[in-house]
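Residue-level listing of the chains:
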Amino acid sequence: MILVTGATGNIGSALLRDLQAAGAAPVRGLTRDAGRASFGAGIEAVEGDLKQADSLKAALEGVRSLFLLSGMGAEAEILAAARQAGVEHVVLVSSITVQSHPHLRAAGEKLALERLLKDSGMAWTVLRPTQFASNTLWWTQSIRDQGVVRAPYADIGLPAVHPADIAAVACAALTEPGHQGRTYALTGPECVTVRRQVAAIAAALGREVALIEISREEAHRQMASFMGVEDADAVLDLMGGDVNDELLKVRDTVSRVTGSAARSFQQWASENGAAFR
């Protein structure tokens, strides 16, 4: 039995499709509302909240492999519950910031969780993705309403990763031998600037989308209003204010693990253009 957390999200939904295509069974998809979930044949929808470890008790029954997202709330308690339930292998989604920006609070928390998993007695695989291509969904409202993106660091490029590639690596780790005890840094196939991202979304929409580059200070004022000063500083550093070789490095991990080339940002934009209409 494989349990996929975040089953309706960008990574989890793609992982369920990959597991289904690979013939992996049985599989459970964890969601906060199982009654509204539709995962397809062979996949059981189960309820649970990653902020409340106790809510996963029934979902973990009989599970041998667990796909776990980090940063959701109660991961330490979930790992303890998984071990108690007899889970043998955990695939954990961490972050490249553990390598590139270990001084950040969120990166420190993810590294601590990685260490907790490695000390748990369960087999483990750790995924460290860089910036998600889907982070550009932050621009959805401004593109819909005004046909414009306002962003800092317009010409700094990061190797944004397609969420489906994170899922593909996770699927391999869950269904194939040789991935336990491995840590995989995951990126897209090239660095893509904000300017090129906006152009790719415009091409997917078939209409112009203007880019207005704003200062870090202006971006910080906007972001701090809903995520707090410290988190806004951290996000802006990762967007371009404090780039380094670890953050910018393009890695071939996706192709090595899956046998398929990493998907480009242009592909993500063409697949998700409807979100911006």
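Above this text is the structure in question.
Residues numbered from 1 in each chain as written. Predicted model: local features only at pLDDT ≥ 70, side-chain atom pairs only at ≥ 80, totals over all residues. Heavy atoms only, no water.

Enquirer: I'd like a description of the packing of aromatic side chains, backed by residues and values.
Expert: Under the definition given, this model contains two aromatic pairs. Centre to centre, the rings of Trp268 and Phe276 are 6.2 Å apart; their planes meet at 80°, and the pair counts as edge-to-face. Among the aromatic side chains, those forming a connected cluster through ring pairs are Phe265, Trp268 and Phe276. Between Lys118 and the ring centre of Trp124, over which it is positioned, the NZ or CZ distance is 4.6 Å. (Phe/Tyr/Trp six-rings, centres within 6.5 Å; stacked < 30°, edge-to-face > 60°. Lys NZ or Arg CZ within 6 Å of the ring centre and 35° of its normal.)

Enquirer: Lay out the nonpolar core with the relevant residues and their values.
Expert: Formed by 32 residues in total, the largest nonpolar core has its most connected members in Val4, Leu15, Leu19, Val27, Phe67 and Leu127. Apart from the residues within four sequence positions on either side, Leu15 is in contact with Val4, Phe67, Ala167, Ala170, Cys171 and Leu174. Among the nonpolar cores identified, the runner-up in size contains 23 residues, and Leu30, Ala74, Val87 and Leu117 belong to it. (Core = buried A, V, L, I, M, F, W, Y, C linked by side-chain atoms within 4.5 Å. Buried < 20%, exposed > 50% of the residue type's maximum accessible area, 1.4 Å probe, protein only. Contact = heavy atoms within 4.5 Å.)

Enquirer: Describe in detail unusual backbone geometry, supporting the description with residues and values.
Expert: Among all residues save glycine, negative phi is the norm, and among peptide bonds the norm is trans. In this structure, Pro26 follows Ala25 across a cis peptide bond, with omega equal to -5°. Residue placement: Pro26 occurs in the loop between helix 1 (10–21) and strand 2 (27–31). Of note, the phi angle at Tyr153 is positive, near 55°, even though the residue is not glycine. With respect to the helices and strands, the residue Tyr153 is situated in the loop between strand 7 (148–151) and strand 8 (157–158). You can call Tyr153 buried: its relative accessible area is 17%. (Helix = DSSP H or I, 4+ residues; strand = E, 2+ residues; numbered from the N terminus.)

Enquirer: Pulling in residues and values, what's your account of the side chain of Ser65?
Expert: By the secondary structure assignment, Ser65 is in strand 4 (residues 65–69). Judged by relative accessible area, which is 12%, Ser65 ranks as buried. Leaving out residues up to four positions away in the same chain, Ser65 has contacts with Met1, Ile2, Leu3, Val87, His89 and Leu174.

Enquirer: Outline the packing of helix 1 against helix 6 (residues 163–175), supporting the account with residue identities and numerical values.
Expert: At their nearest, the axes of helix 1 and helix 6 sit 8 Å apart, and the two run at 50° to each other. Compared by their axis directions, helix 1 and helix 6 come out oblique. With respect to the hand of their crossing, helix 1 and helix 6 are arranged in right-handed fashion. Mapping the contact onto sequence places Asn10, Ile11, Ala14, Leu15, Asp18 and Leu19 in helix 1 and Pro163, Ala164, Ile166, Ala167, Ala168, Ala170, Cys171, Leu174 and Thr175 in helix 6. Looking at the contact of helix 1 with helix 6 residue by residue, the classes come out as 12 nonpolar, two polar and one charged. (Axes fitted to C-alpha atoms, helices over the stretch in contact; angles between N-to-C directions. Parallel < 35°, antiparallel > 145°, perpendicular 65-115°, else oblique. Left-handed = near helix turned anticlockwise from the far one by under 90°. Nonpolar A, V, L, I, M, F, W, Y, C, P; charged D, E, K, R; others polar.)

Enquirer: Give me the lowdown on helix 8 (residues 216–227), citing residues and values where you can.
Expert: The end-to-end C-alpha separation of helix 8 is 15 Å, in line with the 16 Å expected for 12 residues at 1.5 Å each. Within helix 8 the residues assigned to the buried category are Ala219, His220 and Met223. What you see down the axis of helix 8 is that its buried residues fit within an arc of 100°, all on one side. Among the exposed residues of helix 8, those pointing more than 90 degrees away from its buried face are Glu217, Arg221 and Ser225. Immediately beyond the C-terminal end of helix 8, within one or two residues, lies Gly228, with a positive phi of roughly 90°. (Expected span 1.5 Å × (residues − 1). Arc of directions from axis to C-beta.)

Enquirer: Let's hear about the sheet that holds strand 2: which residues, and what values?
Expert: Reading across the sheet, the seven strands line up as 3-2-1-4-5-6-9 and stay open at both edges, with parallel pairing between neighbours. Each end of this open sheet is capped by a strand with a single partner; those strands are strand 3 (43–47) and strand 9 (182–186). Sheet twist, expressed as the mean angle between neighbouring strand axes with direction ignored, is 20°. Direction of pairing for strand 4 relative to strand 5 (residues 89–93): parallel, over a ladder of five bridges. Across the sheet, residue Leu66 finds its bridge partner in strand 5, namely Val90. Across the sheet, helix 6 touches strand 1 (2–4), strand 4, strand 5, strand 6 (123–129) and strand 9, and the angle it forms with strand 6 is around 170°. (Pairing = 2+ DSSP bridges.)

Enquirer: Give me helix 9 (residues 229–241): which residues, what numbers.
Expert: Helix length check: helix 9, at 13 residues, gives a terminal C-alpha distance of 15 Å against a target of 18 Å (1.5 Å per residue), a shortfall beyond 12%. For helix 9, the complete set of buried residues consists of Ala232, Ala234, Leu236, Asp237, Met239 and Gly240. Check the buried side of helix 9 and you find it contacts strand 8 and helix 8.

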